[in-house]
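Breakdown of the fold
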Amino acid sequence: MSDSIGTDQKDSMSNANTTQTVAGGPAGQGQSVRVVEVGPRDGLQNERVAVPTHAKVEMIERLVEAGVRDVEIGSFVHPKWVPQMADTAEVARRIRREPGVRYWALVPNMRGLDFARSASLEHIAVFMSSSETHNRKNLNRTISESLATVTQVIKEATGSGMEVRGYISTVFGCPYEGDVPFDRVLEIGSGLLEAGATQISLGDTTGMGTPLQVREGCGRAVETFGPDHVALHLHDTRGLGLVNALQGLEAGMRIFDSSMGGMGGCPYAPGAAGNLGTEDLLYMLNSLGYHTGIDLDRVVAISRDLELEHGATLSSKYFRYAGARL
Ligand code: HMG
Ligand code: MG
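Computed from a predicted model, the values in this text were never measured in an experiment. (Residues numbered from 1 in each chain as written. Chains lettered and ligands numbered in written order. Predicted model: local features only at pLDDT ≥ 70, side-chain atom pairs only at ≥ 80, totals over all residues. Heavy atoms only, no water.)

1. What about the packing of helix H8 (residues 182-195) against helix H9 (residues 211-225)?
We apply this condition: Only the stretch in contact is used when a helix axis is fitted, and all axes are lines through C-alpha atoms; the angle between N-to-C directions ranges over 0 to 180 degrees. In this description a helix means any DSSP run of H or I spanning at least four residues, a strand means any run of E spanning at least two, and both kinds are numbered starting from the N terminus. If an angle is under 35 degrees, it is roughly parallel; if it is over 145, roughly antiparallel; if it lies from 65 to 115, roughly perpendicular; otherwise it is oblique. In this scheme, a crossing is called left-handed if the near helix is turned counterclockwise away from the far one by less than a right angle; it is called right-handed if the turn is clockwise. Here, two residues are considered to be in contact whenever any of their heavy atoms come within 4.5 Å of each other. Three categories are distinguished: nonpolar for Ala, Val, Leu, Ile, Met, Phe, Trp, Tyr, Cys and Pro, charged for Asp, Glu, Lys and Arg, and polar for the others, with Gly belonging to the last.
Between H8 and H9, whose axes approach to 11 Å, the crossing angle comes to 30 degrees. If you check the angle between H8 and H9, you find them roughly parallel. The chirality of how H8 crosses H9 is right-handed. Residues Phe182, Asp183, Leu186, Gly189, Ser190 and Leu193 of H8 form the contact with H9, whose participating residues are Gly217, Arg220, Ala221, Thr224 and Phe225. The residue makeup of the contact of H8 with H9, split by class, is 5 nonpolar, 4 polar and 2 charged.

2. Here we look at the coordination of the magnesium ion (ligand 2)
Quick note on the threshold: Each metal's donors are the N, O and S atoms within 2.8 Å of it, or within 3.2 Å when it is Na, K or Ca, and because water is not part of the set, sites may look incomplete. Only protein chains enter the area calculation, which uses a 1.4 Å probe; residues under 20% of their type maximum are buried, those over 50% are exposed, and those in between are partly exposed.
Only Asp42 (OD), His233 (NE2) and His235 (NE2) from the protein reach the magnesium ion (ligand 2) as donors, at distances of 2.0 to 2.3 Å. Look at Asp42 and you get buried, because its relative accessible area is 2%. A relative accessible area of 5% places His233 in the buried class.

3. Looking at the sheet that holds strand S8 (residues 199-204)
Short version of the rule: Two strands qualify as a pair provided DSSP detects at least 2 bridges between them.
With parallel pairing, the 8 strands of this closed barrel are ordered in space as S3-S4-S5-S6-S7-S8-S9-S10. In this sheet, adjacent strand axes meet at a mean angle of 25 degrees when their direction is disregarded. Pairing of S8 with strand S9 (residues 230-234), which is carried by 5 bridges, proceeds in the parallel orientation. Pairing of Ser201 across the sheet is with Ala231, part of S9. Against the sheet, H8 touches strand S6 (123-129), strand S7 (163-169) and S8, its axis set at about 150 degrees to S8.

4. Observations regarding the packing of aromatic side chains
This is how the line gets drawn: Here a pair means two rings of Phe, Tyr or Trp (six-membered ring of Trp) with centres within 6.5 Å. Their orientation is stacked below 30 degrees between planes, edge-to-face above 60, and tilted elsewhere.
This model, assessed by the stated rule, comprises 3 aromatic pairs. Taken together, a centroid distance of 6.1 Å and an interplanar angle of 25 degrees make the contact between Phe76 and Phe115 stacked. With Phe76 in the loop between strand S4 (70-75) and helix H4 (88-94) and Phe115 in helix H5 (residues 110-118), this residue pair connects regions lying 39 residues apart in the sequence. Each ring, one from Phe172 and one from Phe182, has its centre 5.7 Å from the other, and the planes form 10 degrees; the classification is stacked. Of the two residues, Phe172 is situated in the loop between S7 and H8 and Phe182 in helix H8; the sequence distance between them amounts to 10 residues. Overall, Phe172 belongs to the buried group, its relative accessible area being 2%. Judged by relative accessible area, which is 12%, Phe182 ranks as buried.

5. Section: the pattern of salt bridges
The condition that has to hold: Criterion for a salt bridge: a side-chain nitrogen of Lys or Arg within 4 Å of a carboxyl oxygen of Asp or Glu.
Following the criterion strictly, the structure yields 17 salt bridges and no others. A salt bridge links Arg117 to Glu156; the shortest N-O distance between them is 3.3 Å. Of this pair, Arg117 sits in helix H5 while Glu156 sits in helix H7 (residues 143-159); the two residues are 39 residues apart in sequence, bridging distant segments of the chain. Arg117 sits in the partly exposed class, given a relative accessible area of 31%.

6. Things to note about the site of ligand 1
Stated formally: When we say a residue is near a molecule or strand, we mean one of its heavy atoms is within 4 Å of it. N or O atoms closer than or at 3.5 Å make up a polar contact, with two conditions inside protein: a donor-capable atom paired with an acceptor-capable one, and, for residues adjacent in sequence, both atoms drawn from side chains. The method behind every accessible area is Shrake-Rupley, applied with a 1.4 Å probe, and residues are considered shielded solely by the protein chains displayed. Grid points spaced at 1 Å over the protein atoms alone were grouped into cavities, where a 1.4 Å probe fits but cannot get out, and pockets, open sets with protein on both sides within 12 Å along at least five of seven lines, with lining residues defined by an atom within 4 Å of a point. Here the criterion for a molecule occupying a pocket or cavity is that more than half of its atoms lie within 2 Å of the pocket grid points.
Around ligand 1 there are 27 residues in total, and Gln45, Arg111, Arg141, Ser169 and Thr205 lie nearest to it. Between ligand 1 and the protein, one listed contact pairs an oxygen atom with a side-chain N or O atom of Asn140 at 2.9 Å. Here ligand 1, which alone exposes 1100 Å², has 75% of that area covered by the protein. Assessed atom by atom at 2 Å from the grid points, ligand 1 resides in the largest pocket. Secondary-structure elements contributing two or more residues to the shell around ligand 1 are helix H2 (39-43), H5, helix H6 (132-139) and S7. Broken down by element, the shell around ligand 1 gets its largest block of residues, 3 residues, from H5. Residue composition of the shell around ligand 1, by class: 12 nonpolar, 11 polar and 4 charged.

7. What to know about unusual backbone geometry
For Asn140, which is not a glycine, the phi torsion comes out positive at approximately 60 degrees. Mapped onto the elements of the fold, Asn140 is located in the loop between H6 and H7. With a phi close to 55 degrees, Thr170 is a non-glycine residue in the positive phi region. Tracing the chain through its elements places Thr170 in the loop between S7 and H8.

Written out as structure tokens, the structure reads:
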């Protein structure tokens, strides 16, 4: 693993639970950060090349072997709108499931929940937007209609023992409407948690968040929801992905979504470039002394094979340009 601190050092620090500042900046001191790998869903949903089912299955299994414990495997949406995800049920059926790993799929409505159940998935992510126009384009519903649907899905799913994560998109700005009041984001998030979701993921869908905005928003979200119940989902449209991840980290966020190779985007959000790349995020977290349990070199190898074998276009800086750090 291309880690800037040794294993012994990491082990000896692993019980520390407070962030400390050392010469040169903040240090994770062995604290854990959970990385949710969204490449097989957010990444591939926006890829122009079609990746065959067997390759998705292999990709997901290799990510788990690399140490990923939360992985989005696809979405149960209309195949007419997102054809790249049409084989999610088959992916779910074929993957070897490892204990302790959460295999997530996106579900927009009750129909999607039925599909997820039939595929024996126990972890679903519902999604809606904090801006009316993006919600309409993405889900063909008003915010209040989506809230009602998503609340029903959460209640039904949790009632049968499933775990639900709730995405809120465009939290730091909407490509159609501009700024979004963060109070609205907190209000939607509180509603989803109250309905039974265990975690809110704050989506900077088109990378509009500025560092000061992200720091303030994340601070408020951590205070309102608690660090175990909120994640940061960044897209790197304006090159601020890592900067914003660091702002989130310093504001107390401990769960981050990222996509191998920096793939990704929302088909209904112009300018939704790739997600924050997993390799870039891991390199930063490792160098700050945070523990993720994910092997960076193995993730690079999976991205490399995806690019070589299927012609995906990957943009993560560490993947693209960096070799091992001597
Ligand atoms: P709709 O047309 O309003 O749905 O679409 P409807 O309820 O009126 O039904 C119309 C037809 O769709 C019916 O079929 C339904 O059965 C079918 P017909 O009778 O005409 O044959 N249908 C479905 N089919 C498959 N799966 C379903 C489903 N539900 C209904 N779940 C719908 C509503 C949500 C389905 C549609 O708008 C859709 O699929 N949208 C795609 C949304 C999407 O996948 N967006 C990308 C993911 S979100 C994202 O990337 C952001 C995120 O990363 C966070 C961030 O970055 O901010 C999460
Ligand atoms: Mg996204």
